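# Descriptive analysis of the structure
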Amino acid sequence: MTERTNASSGTTSTLPPWRPLLKGAREREGRQPAARWLQLATTGLDGTPRVRTLVFRGWHGGDRLELYTDTRSAKFEELMQQPQVELCWLLPKAKQQYRFRAKWLREEQNNNAERWQNLSPQGRALWGWPPPGLPLERDADFPEQLDDSVALPENFLVVQLQINRVERLHLTHHPHQRTLWCREDDWCEQKLNP
Ligand SMILES: Cc1cc2nc3c(=O)[nH]c(=O)nc-3n(C[C@H](O)[C@H](O)[C@H](O)COP(=O)(O)O)c2cc1C
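Description of the structure in this document. Predicted, not measured: the structure shown is a model, and the values here were computed from it.

### Some remarks on helix α2 (residues 74–81)
- What α2 keeps buried is the set Lys 75, Phe 76, Glu 78 and Leu 79. Along the axis of α2, the buried positions cluster into a sector of 165°, meaning they face one direction only. Exposed and facing more than 90 degrees away from the buried side of α2 are Ala 74 and Gln 81.
- Against β3 (37–43), β4 (49–55), β6 (64–70), β7 (84–91), β8 (96–104) and β9 (156–170) lie the buried residues of α2.

Here is the structure:
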């Protein structure tokens, strides 16, 4: 594992070995917005799969990934019922796919007000729209921006996911490389058939 010292706090944190690999792959994508898009799969309330795109918002420590969503969306109910999820992150220029198995840490709700303030006014606007997934009403209001004076809304949710298993598929070489890391094995690397 990679030892990293946090200059501001002086604490040492340990990065799992897949983090620098993912960082390198993300750098290959340049400033493409799509390099921050990943797919989140949940289990629907009827037990069938659901998948959608979300924006990667950052890391918490070495192995927790953060997303932002709306508590009025279907995925919130799904996460409440089944906090185990899968994420798929495709980095096309790097020809790499990362699949994460993760668990929603429901109790972890830190600094939501700060994160809300750090969003752009356009980025915040979605939380001011009518409830996602309901029938569109003719006179509904969809603000284009929510400015800095708008306080943290109740429907803004930071989803912190504890990553427990990572699989990376790298298509550049022959044969393709498929690698597995599990948290319960201290992120020990295992090579798999592609
Ligand atoms: C490029 C892209 C980025 C998106 N980012 C987010 C996001 O960060 N958070 C979010 O809740 N929905 C995001 N969405 C919308 C979701 O894909 C989805 O339509 C919405 O969250 C409702 O999903 P649900 O009904 O399954 O809960 C994004 C969609 C696209 C196309």
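### Observations regarding the layout of surface pockets
- Its boundaries defined by the atoms lining it, the largest pocket holds a volume of some 440 Å³.
- Tyr 68, Thr 69, Asp 70, Leu 126 and Trp 127 are, among the 20 residues lining the largest pocket, the residues nearest its centre.
- Broken down by secondary-structure element, the contributors of at least two residues to the lining of the largest pocket are β4, β6 and α4 (121–125).
- If one sorts the elements of the lining of the largest pocket by residue count, β4 sits on top with four residues.
- Partitioning the lining of the largest pocket into residue classes produces ten nonpolar, five polar and five charged.
- Lining the second largest pocket are Arg 26, Glu 27, Gly 30, Arg 31, Gln 32, Pro 33, Ala 35, Arg 36, Trp 37 and Val 55.
- Class assignment of the residues belonging to the lining of the second largest pocket gives a composition of four nonpolar, two polar and four charged.

### A short note on the site of the ligand
- Around the ligand, the structure places Trp 37, Arg 52, Thr 53, Leu 54, Val 55, Arg 57, Tyr 68, Thr 69, Ser 73, Ala 74 and Lys 75.
- Take Ala 74: an N or O atom from its main chain is 3.3 Å from an oxygen atom of the ligand.
- Protein chains bury 62% of the 620 Å² of accessible surface belonging to the ligand in isolation.
- A majority-of-atoms criterion places the ligand in the largest pocket.
- Counting only elements with at least two residues in the shell around the ligand, the list comes to β4, β6 and α2.
- Considering each element in turn, the shell around the ligand owes the most residues, four residues, to β4.
- Residue composition of the shell around the ligand, by class: five nonpolar, three polar and three charged.

### Observations regarding the nonpolar core
- Among the nonpolar cores identified, the biggest contains 27 residues, and Leu 65, Leu 67, Trp 89, Phe 100 and Leu 161 are the most heavily contacted of them.
- Secondary-structure elements contributing two or more residues to this core are α1 (18–28), β3, β6, α2, β7, β8 and β9.
- Sorting elements by how many residues they give to this core places β9 first, with five residues.
- Those residues in contact with Leu 67 that sit more than four places away from it in its chain are Leu 38, Leu 40, Leu 54, Val 55, Phe 56, Arg 57, Leu 87, Leu 157, Val 158, Val 159 and Leu 161.
- Among the nonpolar cores identified, the runner-up in size contains seven residues, and Trp 116, Trp 127, Leu 146 and Val 158 belong to it.

Reading the values: rules and limits
Residues numbered from 1 in each chain as written. Predicted model: local features only at pLDDT ≥ 70, side-chain atom pairs only at ≥ 80, totals over all residues. Heavy atoms only, no water. Buried < 20%, exposed > 50% of the residue type's maximum accessible area, 1.4 Å probe, protein only. Helix = DSSP H or I, 4+ residues; strand = E, 2+ residues; numbered from the N terminus. Arc of directions from axis to C-beta. Contact = heavy atoms within 4.5 Å. 1 Å grid on protein atoms, 1.4 Å probe; cavity = no way out; pocket = protein on both sides within 12 Å on 5 of 7 lines; lining within 4 Å. Points joined across faces, edges and corners; volume = space filled by probe spheres on them. Nonpolar A, V, L, I, M, F, W, Y, C, P; charged D, E, K, R; others polar. Near = heavy atom within 4 Å. Polar contact = N/O pair within 3.5 Å; in protein donor to acceptor, adjacent residues only side chain to side chain. Areas by Shrake-Rupley, 256 points an atom, 1.4 Å probe, with all protein chains shown as cover. Sits in = over half its atoms within 2 Å of the grid points. Core = buried A, V, L, I, M, F, W, Y, C linked by side-chain atoms within 4.5 Å.

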